[in-house]
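What the coordinates show
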Amino acid sequence: MFAHRLICDSCGRSYPVDQPFNTCPHCGDLLETEYDLERLQAHLDWESIARRPNTLWKWREFFPINDPAHIVTLGEGGTPLVPSVIAGPALGIDLYFKNDSLMPTGSFKDRGFSLAVSKAKELGITKGLTYTSGNAGASFAAYTRRAGMQSVILVKHWTTPEKLVMIRSYGQEVVKLVYDSFGEVTALLDEAVAKVGLYQFVNFINPMRHEAMKSYAYEVTEQLGGAPDRMIHPVGTGGGIWGSYKGFTELKALGRIDRIPSMHGVQPSATPPIAEAFRRGDKVATPKGDSHASIAQSIVSDSPLKGGKRVLRAAYESGGTIEDVTDAEILRALQVLAAEGIFSEPAGAAPLAALWRLAERGELRRGERVVCVVTGTGLKQPEAWAELVSDDIQRIPCQFPALQTFLAEQWKEAK
Ligand SMILES: *Cc1c(COP(=O)(O)O)cnc(C)c1O
Ligand SMILES: [Zn+2]
């Protein structure tokens, strides 16, 4: 293992990586895994890595697991990087979609839970708790069940039936949490940690989940043969963008890439606290917005975890931005993604909507390479399409003349 310690974002105290920690026991801030990059550098054999199967665990040296026997995997990661044939050419750029809708439970959360549950198994943890708007719950339930761990999943009370049925299929405990602001949830979780010492799997509170998102950097760099100019991630807590940024930072330190892409995050306009803090140049965001007011359910967060500090750092340090986009823009992006062949949930289409914002402001250079991360499948939230596809489908008898008439009608303009 090349990880040598966990270090606190605020007070700088460090802790062993082979003991169960959530947040800093001294000051309560977030912990980050630190690696001995020199030793890692000396050990890595990039050619043999390139020959391994394309999953998250292709990059196992970059993760804090001691014994590969503890790895809990469903083949997550290694998703296709799909070149855009519509949106990219229209903007004159080289655009790609990192299609994580193909993950084992239909969202990018599987990267994080494969690592977090593996680490928990290695630490001897047998019970866990997480909060979810849906996707994290499905992923957590799947991986904990497979690992033989007991888990409790707190879901927001307006989670879609599609997400709920998937979570419940794995047979773990599910509870609906009734609240107004996401701040109430984080307060509840803080109290649970403090009073019962329960090991948590909430993003960032659990120091492992975002660590797995470093794999975006490794995969995209391998797929493109170099770093892209920009990465655009949807932001809920910010585990995706922060982990991806950390991965690029490591690749740069290891001399694999010569510059870090501009990291862009995107929130829904209904809950824009981090985007607004970015525009003000602030390092910490304050709660804002209404988390019932957007279709992008997986990223509506009015109260940024720890003030969105890490998300803001990723944007400032890399020359990126944090955008916010309306539901109308997200719906347009959903349709363009579908025209490209990708069925996304609204949160996963937000990066394309953010790209259009960058284009409108004239921030894109011709021919630059941009990656939008599509974080989840449209099957999790089909009602998002209610306004976009009508349900008045014509019915015809199962007879050739009827089909012939229908086709003649449909295709007459095309002739
Ligand atoms: C959880 C989720 C996000 C947000 O990820 P964070 O790491 O919390 O920023 C984005 N898209 C989808 C589909 C998600 O499930
Ligand atoms: Zn601390």
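See the structure above.
This is a predicted model, so every value here is computed, not measured. (Residues numbered from 1 in each chain as written. Chains lettered and ligands numbered in written order. Predicted model: local features only at pLDDT ≥ 70, side-chain atom pairs only at ≥ 80, totals over all residues. Heavy atoms only, no water.)

1. Observations concerning the coordination of the zinc ion (ligand 2)
The condition is simple: Each metal's donors are the N, O and S atoms within 2.8 Å of it, or within 3.2 Å when it is Na, K or Ca, and because water is not part of the set, sites may look incomplete. Between 85 and 135 degrees for all angles marks four donors as tetrahedral; over 155 degrees for opposite donors together with 65 to 115 for all other angles marks four donors as square planar and six as octahedral; every other arrangement is irregular.
Coordination of the zinc ion (ligand 2) by the protein involves C8 (SG), C11 (SG), C24 (SG) and C27 (SG), with metal-donor separations of 2.3 Å. Taken together, the four donor atoms coordinating the zinc ion (ligand 2) and their angles of 96 to 118° define a geometry best described as tetrahedral.

2. A few points about empty space enclosed by the protein
Here is the rule we go by: In this analysis the probe radius is 1.4 Å and the grid spacing 1 Å, with only protein atoms considered; a cavity is a set of points the probe fits into but cannot get out of, a pocket is an open set with protein on both sides within 12 Å along at least five of seven lines, and lining residues have an atom within 4 Å of a point. Grid points are joined across faces, edges and corners, and a volume is the space filled by probe spheres set on the points. Three categories are distinguished: nonpolar for Ala, Val, Leu, Ile, Met, Phe, Trp, Tyr, Cys and Pro, charged for Asp, Glu, Lys and Arg, and polar for the others, with Gly belonging to the last.
Inspection of the entire model under this criterion finds three cavities of 30 Å³ or more. Its boundaries defined by the atoms lining it, the largest cavity holds a volume of some 440 Å³. As for the largest cavity, its lining consists of 31 residues, of which K109, S133, G236, T237 and S298 are closest to the centre. Tallied by class, the residues present in the lining of the largest cavity amount to 11 nonpolar, 15 polar and five charged.

3. Describing the site of ligand 1
Convention followed: Each residue is tested against the molecule or strand, and it is near if at least one of its non-hydrogen atoms lies within 4 Å. Pairs of N or O atoms within 3.5 Å make up the polar contacts considered here, provided that, within protein, one atom can donate a hydrogen while the other can accept it, and that residues adjacent in sequence are counted only when both atoms are side-chain atoms. Only the protein chains shown count as cover for residues, and all accessible areas are computed by the Shrake-Rupley method using a 1.4 Å probe. Any molecule with more than half of its atoms within 2 Å of a cavity's or pocket's grid points is regarded as sitting in that cavity or pocket.
In the neighbourhood of ligand 1, 17 residues make up the surrounding shell, with K109, N135, T237, G238 and T375 lying closest. Separating an oxygen atom of ligand 1 from a side-chain N or O atom of K109 is a distance of 2.7 Å. The contact in question runs from an oxygen atom of ligand 1 to an N or O atom on the backbone of G239, over 3.0 Å. In the complex, 97% of the free accessible area of ligand 1, which totals 390 Å², lies under the protein chains. Given that more than half its atoms are within 2 Å of the pocket grid, ligand 1 belongs to the largest cavity. Class assignment for the residues of the shell around ligand 1 results in five nonpolar, 10 polar and two charged.

4. Notes on the side chain of Q297
Definition in use: Labels follow the DSSP assignment, with helices taken as runs of H or I lasting at least four residues and strands as runs of E lasting at least two, numbered in each case from the N terminus. Between two residues, a contact is recorded if the distance between any of their heavy atoms is within 4.5 Å.
Secondary-structure assignment places Q297 in the loop between α11 (273-280) and α12 (309-318). Setting aside residues no more than four positions away along its own chain, Q297 makes contact with S133, K156, W158, T160, K163, Q381 and E383.

5. Quick notes on the pairing of strand β7 (residues 150-156)
Test applied: Relative accessibility under 20% of the residue-type maximum defines a buried residue, over 50% an exposed one, and the middle range a partly exposed one, all with a 1.4 Å probe and only protein chains included. When DSSP finds at least two bridges between two strands, those strands are taken to pair. With the strands aimed away from the viewer, a crossover counts as right-handed if its path from the first strand over the helix to the second runs clockwise.
Counting buried residues in β7 gives five out of seven residues, a clear majority hidden from the surface. As judged from the six bridges shared by strand β6 (residues 127-132) and β7, these two strands associate in the parallel manner. Paired with L129 across the two strands is V152, which belongs to β7. Handedness of the crossover joining β6 and β7 through helix α5 (residues 135-147): right-handed.

Note that every value here comes from positions in space, so none of it alone points to a role or purpose.
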